[in-house]
Amino acid sequence: VSPEPTEDLLSAYLDGELEPAERVAVEARLTASPEWRAVLEEIRAARAALRGAPAREAPPGFWDDVLHTGPGASRSVPATVRPARGRTPWLAAGAAAAAVLVAVAFVPKEQRVKPDVAAVSAQHGAQLSDAGDPIGALAQMARPVRFR
Amino acid sequence: MADGIPTWEEVAREHGRFLYNVAYRLAGNDDDAQDLVQEALLRVRGGLERYQPGSLRGWLARIVTNVFLDEVRRRRRRPTDALPDDPGRVLPPAPAADETPTSFSDEVQRALDSLPEEFRVPVVLCDVADLSYDQIAAATGAPIGTVRSRIHRGRRMMRAALVAQGVTGP
């Protein structure tokens, strides 16, 4: 006795991808089941929509570029490392990373800013009057800049 | 063409439209489709000596599918690069009534974009690349029963997405 056909055979039925025995079983089920017939019409419509949609053409000039320069030549980097369009270009991102590394390598460990902001801040803060001094208050907020 | 093996230029000239259409239906936009096609042609150029004369389109569809799936995996490792099938991705809204109406092709593509790639790939290979189920199984590495099931479920999801856009006819 053949097992009951499962519903996912309906697409294979439409595509002519069933064995003869499976096809007979599906057709028998379709005759008996309005639900199966409804599903068949659903997938028939989806299949027809995609098969009937016009083929997408490449933008003008795309194939001329590919044939003239070779595949991949008009791309900045291979797909395996290339970010999606509209994002930071790979080369720019690499240059930025290199700049950061250089900056970190050459930045002194200790602050060498003159005048000594911390000392000026402490001195000026000490001279701040009780009545309030807006500039002095700002100076109090100054803190030494530390580089990591 | 020597010994039935085409050059990559011949592949591009004679099958470029096919390759582009499959890439576009998988990726859902022209920018990514162009990148997929170029990467696929690079692999074609590098693999032509291993090509066994037979179904050239099946071979090309397999290559562009592999390029697409590689890119899907790469972007999954980099979550800032949204994928068409990201669960959190917000699909582009359907145009308002006073905007230029989208074509039927756009509606179909929007429905296709809503499918997770494990369903989108076999549906595209079946209904766009016109591959047999055996060819799709070979291209995706999935058993034939899985291919059947995914094509069927993918079509049902696609139909639901089309109906949600107001497309009720084929």
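Residues numbered from 1 in each chain as written. Chains lettered and ligands numbered in written order. Predicted model: local features only at pLDDT ≥ 70, side-chain atom pairs only at ≥ 80, totals over all residues. Heavy atoms only, no water.

Caption draft 1: Broad picture of the environment of B:Trp59. Residues and elements named next belong to chain B. Along the polypeptide, tryptophan 59 turns up in helix H3 (residues 56–77). The sequence separation of tryptophan 59 and valine 163 amounts to 104 residues, and the corresponding C-alpha distance is 34 Å. Residues in contact with tryptophan 59, not counting those within four places in the same chain, are Val44, Gly47, Leu48 and Tyr51. (Helix = DSSP H or I, 4+ residues; strand = E, 2+ residues; numbered from the N terminus. Contact = heavy atoms within 4.5 Å.)

Caption draft 2: Focus on the nonpolar core. Grouped together as the largest cluster of nonpolar side chains are 73 residues, with contacts concentrated most on A:Trp63 and B:Met158. Looking at this core, the element that brings in the most residues is helix H1 (residues 8–27) of chain B, giving 11 residues. (Core = buried A, V, L, I, M, F, W, Y, C linked by side-chain atoms within 4.5 Å. Buried < 20%, exposed > 50% of the residue type's maximum accessible area, 1.4 Å probe, protein only.)

Caption draft 3: Summary view of the interface of chain B and chain A. Listed per partner, the contact involves 49 residues of chain B and 46 residues of chain A. Contact between chain B and chain A buries roughly 4300 Å² in total, counting both sides, with carbon and sulfur atoms accounting for 56%. Together, B:Gln38, B:Arg148 and B:His152 form the three largest contributors to the area buried by chain B at its contact with chain A, with a combined 16%. Scanning the region where chain B abuts chain A turns up eight salt bridges. Note that A:Asp15 and B:Arg155 form a salt bridge whose closest N and O atoms lie 3.0 Å from each other. Counting every contact that joins chain B to chain A gives 18 residue pairs in polar contact (both at pLDDT 80 or more). Those elements that place two or more of their residues in the side of chain B that touches chain A are H1, helix H2 (30–47), H3, helix H4 (104–113), helix H5 (117–127) and helix H7 (144–164) of chain B. When grouped by side-chain class, the residues that make up the side of chain B that touches chain A number 19 nonpolar, nine polar and 21 charged. (Buried area = accessible area lost by both parts, 1.4 Å probe. Salt bridge = Lys/Arg side-chain N within 4 Å of Asp/Glu carboxyl O. Polar contact = N/O pair within 3.5 Å; in protein donor to acceptor, adjacent residues only side chain to side chain. Nonpolar A, V, L, I, M, F, W, Y, C, P; charged D, E, K, R; others polar.)

Caption draft 4: Representation of the packing of H4(B) against H7(B). Residues and elements named next belong to chain B. With their axes 8 Å apart at the nearest point, H4 and H7 run at an angle of 130 degrees to one another. Here H4 is positioned oblique relative to H7, judged by the angle of their axes. Read as a crossing pair, H4 and H7 show a hand that is right-handed. Contacts between H4 and H7 involve Glu107, Val108, Ala111 and Leu112 on the former and, on the latter, Met158, Ala161 and Leu162. Grouping the constituent residues of the contact of H4 with H7 by class yields six nonpolar, no polar and one charged. (Axes fitted to C-alpha atoms, helices over the stretch in contact; angles between N-to-C directions. Parallel < 35°, antiparallel > 145°, perpendicular 65-115°, else oblique. Left-handed = near helix turned anticlockwise from the far one by under 90°.)

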